[in-house]
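Coordinate inspection notes
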Amino acid sequence: MTTNHAPHDGPAIEVESLTKRFGSVVALDGIDLSVPAGTVFGLLGPNGAGKTTTVRILTTILQPDGGHARVLGLDVGREPHAVRASLGLAGQYAAVDEHLTARENLKLAGWLTGQPRASARARGEELLERFDLTAAAGRVAGTYSGGMRKRLDLAVALVHRPPVLFLDEPTTGLDPQGRGDLWELIEELVAEGMTLLLTTQYLEEADRLADRIAVVDNGRVVAEGTAPELKARLGSTIIDVGLADPAAAARARVLLEPFGPAEIVDGTAVEVNVDDGARALLQIVRLLDRERLEPETVAIREPTLDDVFLTLTGRRAEASGGAAPDTNDRGRARRRGAQRGAA
Amino acid sequence: MTTTTFPATVPVTTERSSLVKAASDTMAITWRNLLMLRRVPQLLVFSTIQPVLFVLMFRYVFGGAIRVPGVRYVDYLMPGIFAQTVAFGSINTGVGLAQDLGTGLIERFRSLPMARSAVLAGRTAADVVRNVLVVALMVSVGFIVGFRVHTNAAGLLAAVGLMLLFGFALSWVFALIGLATANPESAQAAAFPLLAPLVFASSAFVPLKSMPGWLQVLAAHQPVTITVDAVRALVLGGPTLRPVVQMVAWAVGLIAVFAPLAVSRYRRAA
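Attention here is on the structure that accompanies the text. Note that the structure is a prediction, hence the values are computed from the model and not measured. (Residues numbered from 1 in each chain as written. Chains lettered and ligands numbered in written order. Predicted model: local features only at pLDDT ≥ 70, side-chain atom pairs only at ≥ 80, totals over all residues. Heavy atoms only, no water.)

**Concerning the overall build of chain A**
- Within chain A, the regular secondary structure consists of 12 helices and 15 strands.
- Each of the 343 residues in chain A was classed as buried or not, and the buried ones make up 54%.
- A separation of at least 24 residues holds for 68% of the contacts in chain A among residues at least 6 apart in sequence.
- Looking at chain A as shown, the accessible area adds up to about 14,800 Å², and 49% of this sits on carbon and sulfur atoms. (Helix = DSSP H or I, 4+ residues; strand = E, 2+ residues; numbered from the N terminus. Buried < 20%, exposed > 50% of the residue type's maximum accessible area, 1.4 Å probe, protein only. Contact = heavy atoms within 4.5 Å. Areas by Shrake-Rupley, 256 points an atom, 1.4 Å probe, with all protein chains shown as cover.)

Written out as structure tokens, the structure reads:
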């Protein structure tokens, strides 16, 4: 197959008022995104927010109902074949063939993406080396740990050197060690100038990897910016006051409201977003003392993306950084079944 | 905003090169499916144990009670066994596709710059290769229990060719079922009630004349009977043209209906 190299100026990924319904369920309700070339863009949101649907449309797996999506200036609906040649996808579930070895999985991907046999083999060995899979390369992937499978999945997505990479929840289901390893690999790819769109439920992950973040909820972008910009929308500091019981917390919330937006968290704690942390802290402690409300804990901290999410959507993201997500096969089958049922 | 200029790989495909790519993609998928057969040989072993048991049962247990005029029962039986083996083996196509859907592999294939038809064509092609092994094994088993070809080697080869065509046609039916159910267990479960009446209400094990009149009419015109009759004509003798033409027409008809349905289902699947 011959290829020409058409230069493309402008954003690597562009999405304009994208909509998608599955029956009566609105998955995407007008998403707009623009991802400059060579940057990492994070789509952050809970399960069912529309992250995966967006990725599936951008990778030509799904057709949108309305709006436009372009990758390197190519319309995903009109030129799907050209789009596919420019992208790599590592999905939510490591889609490697368990009965094939790592080397064979890479060979298959090289073959299907139309690489000449010799250069595909060299590329495969290079990726095995880089992803620390050389020792296991002759073993069938079914014997791999979760982290190894995810690394192989990522390697498979990179065989044809795509300029744009989509990672759908790349570290879901990995232990902290596996997550850290994958983050380092992703950072290396980015350093080489790849454009990357990643979806995640982990605020910590978006904070660490993404240049810009869009917070997605119910098929819409509810906020977009860099991690510091999103944090700045909250005021600069959070004061966290732990109280003895829910009644005390409810009273404290009313008292602390004048300092800034105040929320009850976990039943007995109150979080207040304030501008001037040190001053507000002093006043809050004095006020509580005057009202005979004795706090069990008082903490002052910088806002996290979890706080951003809470403020923007009125609830916490489902999985926070350290929580073990539901990755057993049953949950997986149920989710896939539910998706299909919706479609 | 940084605007970097970078090369976009835009493949320029012509009719001819896209055909070559489709053939190459189909070969890649076939290779992958055959590797799986080598990695999990149990699949092949277990799918041949059942027909071997049938051979032993009908040859040595029921065979004595079944009278077929003008032919030894073992010679009558074996073409039926071949058809049964190939028919039940074609369930594999559906189960394999349902598995690939479940693991997300098909989703990945759909994001690759490969021919849309290749996943199905590569699967059915690999199942033809698999059937070559299975039919060869069953012919050998037949020879061991006393089956003899009355015509010649060319007749036997033509009969094997018909069996492979029959399996290929049924593979497309089960490809559709596998994609529609999207679950290996369901694909397996859906196949049995479909195949069992076709295989047992046919001339595979007993002459149609022993069945009630209404069943004879149904049994005489269904593809398993027609395939078995064509194979018998080829290996035992008798007029071959009419049964072979009928059988090929059935196979082509099944493929013409089910291949487009399966491909369209594949486009919407995942």
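**Describing the overall build of chain B**
- Scanning chain B from N- to C-terminus turns up 11 helices and 1 strand.
- In chain B, the succession of α and β elements from N to C terminus is β-α-α-α-α-α-α-α-α-α-α-α.
- Each of the three principal axes of chain B carries a C-alpha extent, and together these read 85 × 35 × 35 Å.
- Out of the 270 residues belonging to chain B, those deemed buried represent 52%.
- A separation threshold of at least 6 residues defines the contact pool for chain B, and within that pool the share at least 24 residues apart is 79%.
- As displayed, chain B offers around 11,800 Å² of accessible surface, 70% of which is attributable to carbon and sulfur atoms.

**Brief notes about the packing of helix H6 (residues 118-144) of chain B against helix H7 (residues 153-181) of chain B**
All names here are of chain B.
- H7 packs onto H6 with a crossing angle of 135 degrees between their chain directions and a minimal axis gap of 9 Å. Between H6 and H7, the interaxial angle falls into the category oblique. Judged by the sense of rotation from one axis to the other, the crossing of H6 with H7 is right-handed. Facing Leu120, Ala121, Thr124, Asp127, Val128, Asn131, Val132, Val135, Val139 and Phe143 of H6, the residues of H7 in contact are Leu156, Val160, Met163, Leu164, Gly167, Phe168, Ser171, Trp172 and Leu179. (Axes fitted to C-alpha atoms, helices over the stretch in contact; angles between N-to-C directions. Parallel < 35°, antiparallel > 145°, perpendicular 65-115°, else oblique. Left-handed = near helix turned anticlockwise from the far one by under 90°.)

**Some words on the environment of B:Ala115**
Residues and elements named next belong to chain B.
- Of note, Ala115 is situated in the loop between helix H5 (105-111) and H6.
- The exposure class assigned to Ala115 is buried, which follows from its relative accessible area of 15%.
- Taking the C-alpha atoms as reference, Ala115 lies 5.0 Å from Ala22; in sequence the two are 93 residues apart.
- For Ala115, the contacting residues outside a window of four places in its chain are Ala22 and Asp25.

**Topic: the environment of B:Met163**
All names here are of chain B.
- Structurally, Met163 is set in helix H7.
- Each C-alpha atom, one on Met163 and one on Val132, is 9.1 Å from the other, the two residues being 31 residues apart in sequence.
- Not counting residues within four places of it along the chain, the set of residues in contact with Met163 comprises Phe82, Ala83, Val86, Val135, Thr227 and Val231.

**Focus on the sheet that holds strand E6 (residues 74-75) of chain A**
All names here are of chain A.
- Judged by pairing direction, the sheet is antiparallel, and its 4 strands sit side by side in the order E3-E2-E5-E6 without closing on themselves. Whereas interior strands pair on both sides, the edge strands pair on one side only; in this sheet they are strand E3 (25-35) and E6.
- Where strand E2 (residues 13-22) lies against E3, 8 bridges are found, and the strand directions are antiparallel. What sits directly across from Val15, in E3, is Leu33. (Pairing = 2+ DSSP bridges.)

**As for the sheet that holds strand E14 (residues 269-274) of chain A**
Residue and element names in this part refer to chain A.
- Pairing is antiparallel across the open sheet formed by 4 strands, whose spatial order is E13-E14-E12-E15. Only two strands of the sheet have a single partner each, and these edge strands are strand E13 (262-265) and strand E15 (297-301). Adjacent strand axes in the sheet meet at a mean angle of 20 degrees, parallel and antiparallel pairs treated alike.
- Note: strand E12 (residues 237-242) against E14, 6 bridges, orientation antiparallel. Opposite Thr237, over in E14, you have Val274 as the bridge partner.
- Across the sheet, helix H9 (residues 246-256) lies against E12, E13 and E14, angled at about 10 degrees from E14, the strand it touches most.

**Notes on unusual backbone geometry**
Residues and elements named next belong to chain A.
- Residue Arg161 is not a glycine yet carries a positive backbone phi of 50 degrees.
- Its location among the elements puts Arg161 in the loop between helix H5 (146-158) and strand E8 (164-168).
- Positive phi, close to 55 degrees, is recorded for Arg292, a residue that is not glycine.
- Structurally, the position occupied by Arg292 is in the loop between helix H10 (277-290) and E15.

**Regarding the nonpolar core**
- Among the nonpolar cores identified, the biggest contains 82 residues, and B:Phe109, B:Phe166 and B:Phe205 are the most heavily contacted of them.
- Considering each element in turn, this core owes the most residues, 14 residues, to H7(B).
- The contact partners of B:Phe205, leaving out residues within four places of it in the chain, are B:Phe54, B:Phe58, B:Ile66, B:Tyr73, B:Tyr76, B:Leu77, B:Ile81, B:Gln84, B:Val199 and B:Phe200.
- Of all hydrophobic cores here, the second largest spans 47 residues; its members include A:Leu106, A:Phe131, A:Ala210 and A:Ala227. (Core = buried A, V, L, I, M, F, W, Y, C linked by side-chain atoms within 4.5 Å.)

**Digging into the packing of helix H2 (residues 42-62) of chain B against helix H3 (residues 73-89) of chain B**
All names here are of chain B.
- In the contact formed by H2 and H3, the axes pass within 10 Å of each other and the chain directions differ by 160 degrees. One finds that H2 runs roughly antiparallel with respect to H3. Here H2 and H3 pass one another in a crossing that is right-handed. Residues Pro51, Phe54, Val55, Phe58 and Arg59 of H2 touch H3, and the partners they reach there are Tyr73, Val74, Leu77, Met78, Ile81, Gln84 and Thr85.
- Taken together, the residues of the contact of H2 with H3 break down into 9 nonpolar, 2 polar and 1 charged. (Nonpolar A, V, L, I, M, F, W, Y, C, P; charged D, E, K, R; others polar.)

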